[in-house]
Amino acid sequence: MQIYLPIAEMPVSVLLILGMGAAVGFISGLFGIGGGFLMTPLLIFLGIPPAVAVATQSAQIVASSTTSVLGALRRNALDHKLGAILVAGGFVGSALGVWFFAAARRAGQLDLVIVISYVTLFTIVGSLMLKESIREFWHRRKGGAVRLRRRAGEHAPYLGWPLRMRFYRSKLYVSVIPILGLSLFIGFAGALLGIGGGFIVVPALLYVFRVPTTVVVGTSQFQIVCTTLVALILHAVTNQAVDMVLAILLIVGGVFGAQFGARMGRHLRAELFRFLLAILLLAVGLRFGLELVLQPEEPFSISVQEVRQ
């Protein structure tokens, strides 16, 4: 069964899009991430123009993450105070990301920017998470406790900067400056690449701020919902690249998948959680890396450039 996408200007299989939405929604609920880091590449590989894939995917991220946030609220697994700080910085980052997205699109370099950004982010974050998870597996296999990089009461210098705030649910007393910086970057990357940013904020909260795993998932999803919703509205108004037909199909599949993923995620051990997420990131980064070295099927293309009057 085929359906025509008016903004992407191409027909797609309804069942294929629904299936992709359900699969990515499941992974979103499982790992506490928006799922955009998988869905956006899948849409691009399917032939959807990158600008449309990035902008439209934001709608699916909002829908699937909302269901996960509601589940976290019922389990009391969300730090509202920490989430509010992340959202504040994310709003600014989202606005900057949409502006940069539009500028790269006008210059005709958006596709290259997206590919290079995916390869860089996924390789760095995935490698760090894989290293950490393997280290934990190794120490547990030897029967010893996992060594902590910092002892109790110690913290990195930047966590002691001014404007310190106490987050009781996350057991933190740190400066809000690095938290705001993290959220600003996540909002920028999310708006530019069509990702929720969960694959960045989850490991950052786990390894940098030492937030408990049970709180990380719900808090990251709360930040993803708010910042991605802003990015979606800005993309629709500024770039006119949101395909509502595609968005509805992705949302229908993603909402169902996220519920099952959230239930299964509660039974994952922390080290296995990090290992699987690292493998996912490296796999997607490798796939995009191949785009930079393999010869395309159509070496030349013609496009109309947007010029300011």
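Residues numbered from 1 in each chain as written. Predicted model: local features only at pLDDT ≥ 70, side-chain atom pairs only at ≥ 80, totals over all residues. Heavy atoms only, no water.

Definition in use: UniProt positions are given in the numbering used here, feature names are shortened, and annotations may be inferred rather than shown by experiment.
The name given to the protein in an unreviewed UniProt entry is Probable membrane transporter protein, and the organism recorded there is Microvirga terrestris. In its Sequence similarities (unreviewed entry) section, the UniProt entry covering the protein states "Belongs to the 4-toluene sulfonate uptake permease (TSUP) (TC 2.A.102) family."

## Re the overall build of the protein
Under the convention used in this document: We count a stretch as a helix when DSSP gives it H or I for four or more residues in a row; a strand needs E for two or more, and each element gets its number in order from the N terminus. Per-residue accessibility, obtained with a 1.4 Å probe over protein chains only, is compared with the maximum for each type, and a residue is labelled buried under 20%, exposed over 50%, and partly exposed between these values. Every residue pair with non-hydrogen atoms within 4.5 Å of one another is taken to be in contact. Values of accessible area rely on a 1.4 Å probe in the Shrake-Rupley scheme; residue burial ignores everything except the protein chains shown.
Helix and strand counts for the protein come out as 10 helices and 4 strands. For the protein, buried positions account for 51% of its 309 residues. A separation of at least 24 residues holds for 78% of the contacts in the protein among residues at least 6 apart in sequence. When the accessible surface of the protein is totalled, it reaches about 15,100 Å², and 67% of it is carbon and sulfur.

## Concerning the packing of aromatic side chains
To keep things clear, this is the line we draw: Two aromatic rings, drawn from Phe, Tyr or Trp (for Trp, its six-membered ring), form a pair once their centres lie within 6.5 Å of each other, and the interplanar angle then sorts them: stacked below 30 degrees, edge-to-face above 60, tilted otherwise. In our convention, an over-ring charge means Lys NZ or Arg CZ found within 6 Å of a ring centre and within 35 degrees of that ring's normal.
Per the counting criterion, the structure on display carries 2 aromatic pairs. Centroid distance Phe100 to Phe188: 5.8 Å. Interplanar angle 50 degrees. Geometry classified as tilted. Of this pair, Phe100 sits in helix H4 (residues 80-106) while Phe188 is found in helix H6 (residues 176-193), placing the two residues 88 residues apart along the sequence. For Phe188, a relative accessible area of 25% translates into the label partly exposed. Both rings, one in Tyr118 and one in Phe122, keep their centres 5.0 Å apart while their planes meet at 75 degrees; by these two values the pair is edge-to-face. Placement of both Tyr118 and Phe122 in helix H5 (residues 110-141) is noted, with a separation of 4 residues, approximately one turn of the helix. Neither residue differs from the other here; Tyr118 and Phe122 are each classed as buried. The ring of Phe167 carries the charged tip of Lys81 above its face, separated from the ring centre by 5.9 Å. Note that Arg166 overlies the ring of Tyr173, its terminal NZ or CZ placed 4.3 Å from the centroid.

## A word on the environment of Ile200
Structurally, Ile200 is set in helix H7 (residues 198-208). By relative accessible area, which is 8% here, Ile200 ends up buried. For Ile200, the contacting residues outside a window of four places in its chain are Leu121, Leu182, Phe185 and Ile186.

## Topic: the packing of H6 against H7
Relative orientation and spacing of two packed helices are given, respectively, by the angle between their axes and the distance between those axes. Where we set the bar: Geometry is summarised by axes, namely lines fitted to C-alpha atoms with helices restricted to the contacting stretch, and by angles between N-to-C directions that run from 0 to 180 degrees. Angular relationships are summarised with four words: roughly parallel below 35 degrees, roughly antiparallel beyond 145, roughly perpendicular across 65 to 115, and oblique for the angles in between. By convention, the crossing between two helices is left-handed when the near helix turns anticlockwise from the far helix through less than a right angle, and right-handed when the turn is clockwise. Throughout, the ten residues Ala, Val, Leu, Ile, Met, Phe, Trp, Tyr, Cys and Pro are labelled nonpolar, Asp, Glu, Lys and Arg are labelled charged, and all others, Gly among them, are labelled polar.
Across the interface, H6 lies against H7 with an axial gap of 9 Å and an inter-helix angle of 160 degrees. Taken together, the axis directions place H6 and H7 in an arrangement best described as roughly antiparallel. Like other packed secondary-structure pairs, H6 and H7 cross with a definite hand, here right-handed. Residue-level inspection shows Leu182, Phe185 and Ile186 of H6 in contact with H7, the latter providing Ile200, Val201 and Ala204. Here the contact of H6 with H7 is composed, by residue class, of 6 nonpolar, no polar and no charged.

## Examining the UniProt feature "transmembrane region" (unreviewed entry) in the protein
Listed under "transmembrane region" (unreviewed entry) in the UniProt record, and renumbered for this structure, are residues 12-38, 44-70, 82-104, 110-130, 172-202, 214-234, 241-260 and 272-290. The distance separating the terminal C-alpha atoms of residues 214-234 is 32 Å; by composition the span is 100% helix and 0% strand. Secondary structure within residues 241-260 divides into 85% helix and 0% strand; the distance between the first and last C-alpha atoms comes to 30 Å.

## What about the side chain of Ser220?
To keep it simple, the criterion reads: Whenever two N or O atoms come within 3.5 Å, that pair is a polar contact, provided that in protein one can donate a hydrogen and the other can accept it, and provided that, for residues adjacent in sequence, both atoms are side-chain atoms.
Topologically, Ser220 is positioned in helix H8 (residues 213-239). Of the residues examined, Ser220 reaches a relative accessible area of 0% and is grouped as buried. Within the structure, Ser220 has its side chain in polar contact with the backbone oxygen of Val217 (distance 2.9 Å).

## Description of the nonpolar core
Grouped burial of nonpolar side chains is what soluble globular proteins tend to show. Applied cut-off: Joining through side-chain atoms within 4.5 Å is the link that ties buried Ala, Val, Leu, Ile, Met, Phe, Trp, Tyr and Cys residues into a set, and such a set is a nonpolar core.
In terms of nonpolar packing, the biggest core is built from 67 residues, with Leu43, Ile48 and Phe199 touching the most fellow members. In terms of residues, this core owes the most to one element, H5, which gives 10 residues. Among residues more than four places away in sequence, those in contact with Ile48 are Leu5, Ala8, Met10, Val12, Leu43, Ala53 and Leu246. Core analysis: the second largest hydrophobic core is formed by 6 residues, Ala55, Ala59, Leu232 and Ala247 among them.

## Re H7
Across the 11 residues of H7, 10 count as buried, placing the element largely inside the fold. For H7, the full list of buried residues reads Gly198, Phe199, Ile200, Val201, Val202, Pro203, Ala204, Leu205, Leu206 and Tyr207. Count one or two residues on from H7 and you reach Arg210, which has phi positive near 55 degrees.

## Considering a nonpolar patch on the surface
Quick note on the threshold: Only residues whose relative accessible area exceeds 30% and that take part in no salt bridge are eligible for patches, with like-charged residues grouped when within 9 Å of each other and nonpolar side chains (Val, Leu, Ile, Met, Phe, Trp, Tyr) grouped when within 5 Å. Definition used for salt bridges: Asp or Glu carboxyl oxygen within 4 Å of a side-chain nitrogen of Lys or Arg.
On the surface, Leu112, Ile116, Leu286, Leu290, Leu292, Val293 and Leu294 cluster together into a nonpolar patch covering about 660 Å² of accessible area. Mapped onto the nonpolar patch, the elements with two or more residues apiece are H5 and helix H10 (270-293). Counting residues per element, the nonpolar patch draws most heavily on H10, at 4 residues. Here Val293 falls in the exposed class, since its relative accessible area comes to 67%.

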